[in-house]
Amino acid sequence: MFLINPFYIVSGLGVGFLVGLTGVGGGSLMTPLLVFLFGFTPTTAVGTDLLFAAITKMGGVWVHHGQHRSVNWKVVGLLGSGSIPMALATIFVLKQVESKAAITGVITHSLGVALILTALALAFRNRLMKASLESDSHHAGRFDRWQVPATILTGMILGVLVTLSSIGAGALGTVALVFLYPRMPTVSIVGTDLAHAIPLTAVAGLGHLHMGNVDGQLLLSLLIGSLPGIWLGSHLSARVPEYVLRPALASMLLLIGVKFVW
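Since the structure is predicted, the reported quantities are computational estimates derived from the model, not experimental observations.

J.: Is there a simple way to think about the overall build of the protein in this case?
T.: Summing up its helical and strand segments, the protein has ten helices and zero strands in all. Secondary structure elements of the protein, listed N to C terminal, follow the sequence α-α-α-α-α-α-α-α-α-α. Evaluated residue by residue, the protein yields a buried proportion of 51% over its 262 residues. In the protein, the proportion of contacts linking residues at least 24 apart, taken out of those at least 6 apart, comes to 85%. Accessible surface, the protein: about 12,700 Å² in total, of which carbon and sulfur atoms supply 71%.

Spelled out as structure tokens, the structure:
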């Protein structure tokens, strides 16, 4: 029997609100919060957040596929063909490591690296999008030859990074898609990235569940708080200047990432 913790519900509400407000992946915000504020081990924070992400992203994909028809399932399949096997391989390797301290160390450093990369992707996302579109207009079809293997390779990298840190499927995946598919509409990039994140986080999360790295009480409490938080943040997002919010959020994630690494 799970007991609902009001502090976890409030945390889920706050993170959900920020996710809806900024579009930043919940793992970038939730995992550090669980580690630094509530004192969970990085392994438990990552495992719980992976299942949390898989469940909360389902609603987003339903909107993108059911209402907007904006999911490119071919690209989802290419990403998944790289990410899912690597997620399973990463879980297998982690299970072979007998030292919990060693696993915690690897996950902690992976968290730091993922947060730093996410902060950079967040800070320079608009510039990268603009540069990619300008380059594509001068060199039409520059990725046609390498799109398929590059997309699979991107999936492989995300598979390892997300399994180790629960971070990367959102911000990093979006930036990679913008770079590889500059002519894909933004709504399709977001929908495709969301659709790929669900099986990836679900497989990685179930692997961590099998390893005993998921806190059921925490997961349920976070879900109760996050759903209304995402709804509220999404409705207020148009009223908050992006040029103010993104740099502040990127700076915060960068500082937290550096703290994890060092």
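J.: Would you mind showing me how to read the packing of aromatic side chains here?
T.: By convention here, two paired aromatic rings are described through the distance between centres and the angle between planes. Evaluated as defined, the whole model comprises three aromatic pairs. Taken together, a centroid distance of 4.9 Å and an interplanar angle of 40° make the contact between F36 and F260 tilted. Highlighted residues: F36 in helix α2 (residues 26-36) and F260 in helix α10 (residues 242-261), separated in sequence by 224 residues. Here F36 falls in the partly exposed class, since its relative accessible area comes to 40%. Connected via pairs of aromatic rings, a cluster forms that spans Y8, F38 and F40.

J.: Would you explain a nonpolar patch on the surface in this entry?
T.: Together, V113, L117, L120 and F124 give the surface a local cluster of nonpolar side chains, amounting to about 320 Å² of exposed area. Along the polypeptide, L117 turns up in helix α5 (residues 100-138).

J.: Help me understand the environment of V35 in this model?
T.: For V35, the position within the fold is in helix α2. A sequence separation of 73 residues divides V35 from T108, and the C-alpha atoms of the two residues are 9.9 Å apart. When near neighbours in sequence (up to four residues on either side) are disregarded, V35 contacts F40, P42, A45 and F260.

J.: Whenever I open this one, the nonpolar core confuses me. Can you help?
T.: Grouped burial of nonpolar side chains is what soluble globular proteins tend to show. One finds L34 and L222 to be the most contacted residues of the largest nonpolar core, which totals 44 residues. Once residues within four sequence positions are removed from consideration, L222 is found in contact with Y8, S11, G12, M30, L34 and F52.

J.: When you look at the packing of helix α6 (residues 147-165) against helix α8 (residues 186-210) in this model, what are you seeing that I'm missing?
T.: When two helices pack together, you describe them by how their axes are tilted relative to each other and by the distance separating the axes. Relative to each other, α6 and α8 sit at 45°, their axes nearing to 10 Å. Our classification of the angle between α6 and α8 gives oblique. Both α6 and α8 take part in a crossing whose hand is right-handed. Side by side, α6 and α8 meet where L158, G159, V162 and T163 of the first sit next to H196, L200, T201, A204 and H208 of the second.

J.: Could you clarify how one ought to interpret the side chain of S28 in this entry?
T.: Among the structural elements, S28 can be located in helix α2. The buried category is assigned to S28, whose relative accessible area is 5%. Those residues in contact with S28 that sit more than four places away from it in its chain are L115, T118, I167 and L253.

J.: Would you take a moment to explain α8 for this structure?
T.: Spacing of three or four residues puts side chains on the same side of an α-helix, whose turn is 3.6 residues. In this model α8 runs 36 Å from its N-terminal to its C-terminal C-alpha over 25 residues, within 8% of the 36 Å that 1.5 Å per residue would give. Remark: G212 follows α8 within two positions and exhibits a positive phi of approximately 85°.

J.: Honestly, α6 in this entry has me stumped. Any pointers?
T.: When the terminal C-alpha atoms of α6 are compared, their 26 Å separation across 19 residues agrees well with the 27 Å that a helix rising 1.5 Å per residue should span. Among all positions of α6, only Q147, T151, T154, G155, L158, G159, L161, V162, T163, L164 and S165 are buried. After α6 finishes, the residue S166 shows a positive phi value of roughly 65°.

J.: It is not clear to me how the packing of helix α4 (residues 73-96) against α6 should be interpreted in this structure. Could you clarify?
T.: It is the contact of α4 with α6, at a shortest axis distance of 7 Å, that shows an interaxial angle of 35°. Of the two elements, α4 crosses α6, and the hand of that crossing is right-handed. Here V75, L78, L79, S81, G82, S83, M86, A87, T90, I91 and L94 of α4 lie close against α6, whose contacting residues are V148, T151, I152, T154, G155, M156, G159, V160, T163 and L164. Taken together, the residues that form the contact of α4 with α6 break down as twelve nonpolar, nine polar and no charged.

How each quantity is defined
Residues numbered from 1 in each chain as written. Predicted model: local features only at pLDDT ≥ 70, side-chain atom pairs only at ≥ 80, totals over all residues. Heavy atoms only, no water. Helix = DSSP H or I, 4+ residues; strand = E, 2+ residues; numbered from the N terminus. Buried < 20%, exposed > 50% of the residue type's maximum accessible area, 1.4 Å probe, protein only. Contact = heavy atoms within 4.5 Å. Areas by Shrake-Rupley, 256 points an atom, 1.4 Å probe, with all protein chains shown as cover. Phe/Tyr/Trp six-rings, centres within 6.5 Å; stacked < 30°, edge-to-face > 60°. Patch = residues over 30% accessible without salt bridge, like charges linked within 9 Å, V, L, I, M, F, W, Y side chains within 5 Å. Salt bridge = Lys/Arg side-chain N within 4 Å of Asp/Glu carboxyl O. Core = buried A, V, L, I, M, F, W, Y, C linked by side-chain atoms within 4.5 Å. Axes fitted to C-alpha atoms, helices over the stretch in contact; angles between N-to-C directions. Parallel < 35°, antiparallel > 145°, perpendicular 65-115°, else oblique. Left-handed = near helix turned anticlockwise from the far one by under 90°. Expected span 1.5 Å × (residues − 1). Nonpolar A, V, L, I, M, F, W, Y, C, P; charged D, E, K, R; others polar.

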